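Examination of the molecular architecture
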Amino acid sequence: MTSIEAIEPAFDALDACTGALGELDMKCCEPGRSPRMAELAATLTEARVKVRAVTIDPGSGLPAAMSTLEEAGAQVGRLQVGCCAPDRLPLYAEILENLIKAQLVPTRSTRMTDGRAGQI
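Keep in mind the model is a prediction, meaning the values are calculated, not measured.

Cut-offs used in this document
- Residues numbered from 1 in each chain as written.
- Predicted model: local features only at pLDDT ≥ 70, side-chain atom pairs only at ≥ 80, totals over all residues.
- Heavy atoms only, no water.
- Core = buried A, V, L, I, M, F, W, Y, C linked by side-chain atoms within 4.5 Å.
- Buried < 20%, exposed > 50% of the residue type's maximum accessible area, 1.4 Å probe, protein only.
- Helix = DSSP H or I, 4+ residues; strand = E, 2+ residues; numbered from the N terminus.
- Contact = heavy atoms within 4.5 Å.
- Salt bridge = Lys/Arg side-chain N within 4 Å of Asp/Glu carboxyl O.
- pLDDT = per-residue confidence, 0-100.

Right, let's get into the nonpolar core. Counting 31 residues, the largest nonpolar core has Leu 14, Leu 24, Leu 44, Val 51, Leu 69, Ile 95 and Leu 99 as the members making the most contacts within it. Listing elements by their share of this core, those giving two or more residues are helix 1 (8-27), helix 2 (35-53), helix 3 (58-82) and helix 4 (89-113). Ranked by the residues each element gives to this core, the list is headed by helix 1, at eight residues. What Ile 95 contacts, discounting residues up to four positions off in sequence, is Cys 17, Ala 20, Leu 21, Leu 24 and Val 76.

Below, the structure is given as structure tokens:
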């Protein structure tokens, strides 16, 4: 089983995603009115829950977490294309980089606990 401490960096990465998304929302030409930003915020919250589930049942938790993180990445792409916020590209890059970190941490942690360390 994966410990909660082992996946804590994934939560830190998701927190960074949420922070960057908040900055994007504030810079938006219609702050607080983007349904897509609200949808991404909800997906990031769901990702936290699913990443935590990896500590309970890695077998089903990891695929569910990866699916949610992939969906978050797709949502970021859709937002980025139509975004009007000034200086937005570094914030989108930060979100994507942190989604990758959030994905790698439970994947590595799970593989280390089931004897497949280093096989990523």
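As a further point, take the pattern of salt bridges. If you walk through the whole model with that rule in mind, you get four salt bridges. We note a salt bridge from Lys 50 to Glu 46, for which the minimum N-O separation is 2.8 Å. Note that Lys 50 and Glu 46 are positioned in helix 2 at a spacing of four residues, about one turn of the helix. Close ionic contact of Lys 101 with Glu 97 constitutes a salt bridge, the shortest N to O distance being 3.6 Å. With Lys 101 and Glu 97 both in helix 4 and four residues apart, the pair spans about one turn of that helix. Since its relative accessible area comes to 40%, Lys 101 is described here as partly exposed.

Here the protein chain averages 87 in pLDDT, and 88% of its residues register 70 or above. Put simply, helix 4 is where the protein chain has its lowest mean pLDDT, 88, and helix 2 is where it has its highest, 95. Counting interchain partners and residues more than four positions distant, the pLDDT-below-50 stretch residues 114-120 has six contacts.

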